[in-house]
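Read off the chains here:
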Amino acid sequence: MKICYFGTYNSEWGRSRIYIKGLKKNGVEILECRDDSKGFLKYWKLFKEHSKTKNFYDFLIVGYPGHAVVWFAKLLSNKKVIFDALCTMEEGVMISRQQYNVLSIKYYYIKFIDWLAVKCADIVLVESEEQRKYFENKFGKNSKYKVVYTGADNSVFYPNPSIKKREIFTVLFRGKFLPEAGVKYIIETVKLLEDQNVDFLIVGNGWLEKNIKKQIQNFKLKNLEFISGNLSYNELRTKMLECHVSLGQFEYHERLKRTIPHKCFESLALGLPYITARTAPITEILKDGESLLFVNSADPQDLKNKILLLKENAELRNKIGENGYKLYQEKFTPKILAKDILNIIL
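Residues numbered from 1 in each chain as written. Predicted model: local features only at pLDDT ≥ 70, side-chain atom pairs only at ≥ 80, totals over all residues. Heavy atoms only, no water.

A. View of the pattern of salt bridges. Overall, the coordinates contain 27 salt bridges when judged by the stated rule. Measuring nitrogen to oxygen at the nearest pair gives 3.0 Å for the salt bridge that ties arginine 255 to glutamate 127. Placement of the pair is arginine 255 in the loop between strand S10 (245-247) and helix H10 (262-270) and glutamate 127 in the loop between strand S5 (123-126) and helix H6 (129-139), with a sequence separation of 128 residues. On the basis of relative accessibility, which here comes to 2%, the residue glutamate 127 falls in the buried class. Where arginine 166 meets glutamate 225, a salt bridge forms, and the shortest distance between an N and an O atom there is 3.0 Å. Taken together, the positions of arginine 166 in the loop between strand S6 (145-147) and strand S7 (169-176) and glutamate 225 in strand S9 (residues 224-228) put the pair 59 residues apart, joining distant regions of the chain. Judged by relative accessible area, which is 23%, arginine 166 ranks as partly exposed. With relative accessibility at 30%, the residue glutamate 225 sits in the partly exposed group. Put simply, Glu91, Glu127, Glu254, Arg255, Lys257 and Arg258 are held in one network by salt bridges that share partners. (Salt bridge = Lys/Arg side-chain N within 4 Å of Asp/Glu carboxyl O. Helix = DSSP H or I, 4+ residues; strand = E, 2+ residues; numbered from the N terminus. Buried < 20%, exposed > 50% of the residue type's maximum accessible area, 1.4 Å probe, protein only.)

B. Geometry of the sheet that holds S6. On the basis of which strands lie adjacent, the open sheet formed by 6 strands has the order S2-S1-S3-S4-S5-S6 and parallel pairing. Each edge of the open sheet is held by one strand with a lone partner, namely strand S2 (29-34) and S6. Averaged over all pairs of adjacent strands, the angle between their axes in this sheet comes to 25°, without regard to strand direction. Bridge count for strand S1 (residues 2-7) against S2 is 6 bridges, and the pairing is parallel. (Pairing = 2+ DSSP bridges. Axes fitted to C-alpha atoms, helices over the stretch in contact; angles between N-to-C directions.)

C. The nonpolar core, seen in detail. Counting residues in hydrophobic clusters, the biggest one holds 79 residues, and the most contacted among them are Ile3, Tyr5, Phe6, Leu23, Val62 and Phe332. One finds Ile202, Leu247, Leu293 and Leu308 within the second-largest nonpolar core, a separate group that totals 31 residues. (Core = buried A, V, L, I, M, F, W, Y, C linked by side-chain atoms within 4.5 Å.)

D. How the structure looks around the pairing of strand S4 (residues 80-86). Burial analysis of S4 places 6 of its 7 residues in the buried class, the great majority of the element. As for the winding sense of the linkage, the β-α-β connection from strand S3 (residues 59-62) through helix H3 (residues 70-76) to S4 is right-handed. Inspection of the sheet shows S4 paired to S5 by 4 bridges, in the parallel sense. Of the residues in S5, the one forming a bridge with aspartate 84 is leucine 125. (Right-handed = clockwise from strand over helix to strand, strands pointing away.)

E. How the structure looks around the side chain of arginine 237. Residue placement: arginine 237 occurs in helix H9 (residues 233-242). As a buried residue without a salt bridge, arginine 237 has its nearest oppositely charged side chain in aspartate 153, at a separation of 9.1 Å. For arginine 237, the side chain forms a polar contact with the side chain of tyrosine 158, separated by 3.4 Å. Beyond its immediate stretch of four places on either side in the chain, arginine 237 contacts Val156, Tyr158 and Leu270. (Lys, Arg positive; Asp, Glu negative; His and termini not counted. Polar contact = N/O pair within 3.5 Å; in protein donor to acceptor, adjacent residues only side chain to side chain. Contact = heavy atoms within 4.5 Å.)

F. Structural detail: the packing of helix H1 (residues 14-25) against helix H14 (residues 334-345). Where H1 meets H14, the closest approach of the two axes is 7 Å, and the angle between their N-to-C directions is 80°. Relative to H14, the element H1 lies roughly perpendicular. For the pair formed by H1 and H14, the contact residues are Ile18, Tyr19, Gly22, Leu23 and Lys25 on the first element and Pro334, Lys335, Leu337, Ala338, Ile341 and Leu342 on the second. (Parallel < 35°, antiparallel > 145°, perpendicular 65-115°, else oblique.)

In C-alpha cells:
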C-alpha cells in the first residue's frame, strides 16, 4: 500500500511523526507531499508536488496541523481523503490561545476553515472520544469521525535504566505555557513544598512565559530549576528520565474537556508516574491509582499531597510507572496506532 501524506504538517513533530513511522512499520510506503510556505504559495507548491505522485498512491492523509488545506487535497485527489484533525482549529487558536474574538474577521474565517475541512474529508481523525462527541455536536452526527490517540514515538521516548534519577526527589513539568496548563498552580505547589526536600524542573516556553517568570521571581524559589526554550529529543528524554514524577495540566479550562496532551503519552512511554487534573478524556485511557494519579483542577494543595504520596510510597510510584508503560506498549506505540488507522481506512 502507498499513502500520500499531504499538507503543511511537520514530519518531525507530534502525530505526523508518530503515524508516519507507524505506517512504515506496517509495511506502508509513504509519499510525502508537504510545504509550509506562507499564503497562497503553499497551494502552488503542493499542487506541483502532488502532480508527481497523484497516480501512485491508494489513500491521502492530510497531516496535523492541516485544516486549511483539506479542501485543496480533496480538489486534487481522486482517492479517499483522511484528515488528521486532532481537534478543531478554533480550539487551538481561539479557545487555547485566545487570539481572536467575535469582532474579528479572522474569528469567522477560522470557524469556516473548520467547517470546510470537515465537510471535504472522507474520514476525520480526532484525539479522544470526548473530541469525537464535540465534533458531532458542532458539525452534526456523522460516522466519519474516528478516534486515534496521539501516542508517543518509542524511538525517542523509552526507558533507560542507565540514566540515574536525581538525588533529591524531582517533579517535572514540560510543555507550552498556555492557559490550560495551569503552570501558576504548579509554581504555588513548588512554594508549598520548598521545605519538604522536593525539587521541581520546569522545561518549556510559550504565551504566558513572562507571567511564569515573574511569579517564580516573586516567590524566590530555591527548589526550582527553570529551562526556557526547546530541547532536542535526546536532551528532553534525559531530563525527563532523571525526574521521579511527570506533571500534566491543571487549569479549569474548556480545552481540557477534550484533549490528552502529548506529555501524557510520553510519560507513559518512559515509565514515569503521571499526575494531572481529573478530566474526561484522560479517564478514557487511564485509571486513578493504577496508571496515574488525578488531582482536583486549580488545587495546589491537592497537587502537593499527591506529590508527597508518591515521594513517600515507592511501591505505588513503581506500580503507576510500570502500569503506564505496559499500557503504552499495548495501545500507544506508533505501530499499533498506525494499525488502528489502517483498520479505519480499509
